[in-house]
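Residue-level structural notes
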Amino acid sequence: QVQLVESGGGLVQPGGSLRLSCAASGFTFSRDEMRWYRQAPGKERELVATITSTASLTYYATSVKGRFTISRDNAKNSVFLQMDNLKPEDTAVYYCNALFSKYWGQGVQVTVSS
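Reading guide: rules and limits
Residues numbered from 1 in each chain as written. Predicted model: local features only at pLDDT ≥ 70, side-chain atom pairs only at ≥ 80, totals over all residues. Heavy atoms only, no water. Helix = DSSP H or I, 4+ residues; strand = E, 2+ residues; numbered from the N terminus. Rg over C-alpha atoms; globule rule 2.2 N^0.38 Å. Contact = heavy atoms within 4.5 Å. Lys, Arg positive; Asp, Glu negative; His and termini not counted. Charge placed at Lys NZ, Arg CZ, Asp CG, Glu CD. Pairing = 2+ DSSP bridges. Axes fitted to C-alpha atoms, helices over the stretch in contact; angles between N-to-C directions.

1. Let's talk about the overall build of the chain
Helices and strands together make up the secondary structure of the chain, namely zero helices and 11 strands. Each helix and strand of the chain, placed in order from N terminus to C terminus, yields the pattern β-β-β-β-β-β-β-β-β-β-β. In summary, the chain has a C-alpha radius of gyration of 13 Å against a globular reference of 13 Å for 114 residues, a match within 12%. Taking contacts inside the chain between residues at least 6 apart in sequence as the whole, the part at least 24 apart equals 52%. Between the centroid of the 12 positive side chains of the chain and the centroid of its 9 negative side chains there is a distance of 3 Å.

What follows is the structure, encoded as structure tokens:
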């Protein structure tokens, strides 16, 4: 069965850091572009970052550029999102997505608050 399982979320103070992980199984992860999305309460889903299958290209939303870093380990079928200098507006549910396979994770909550 296909699975995308996010982990690493939680509650942090402004300026803090979190590292999200997404463990994939059941499809050819190494051939798929991976993405991180987020959705805050009452707001539209937002594309946060993308990474190509070989990690040769990455994309970041303007709101997170310079603070977030997407990476992947194809040997471990995993994609990561390192989030530094977190701001309250980063509070959202974060989702892992496989672009071409069209699979989604269940989401993980990130809360940035004092």
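2. A look at the sheet that holds strand β1 (residues 3-7)
Judged by pairing direction, the sheet is antiparallel, and its four strands sit side by side in the order β1-β3-β8-β7 without closing on themselves. Only two strands of the sheet have a single partner each, and these edge strands are β1 and β7 (68-73). Put simply, the sheet's adjacent strands are angled 15° from each other on average, direction ignored. Direction of pairing for β1 relative to strand β3 (residues 18-25): antiparallel, over a ladder of five bridges. Paired with Leu4 across the two strands is Ala24, which belongs to β3.

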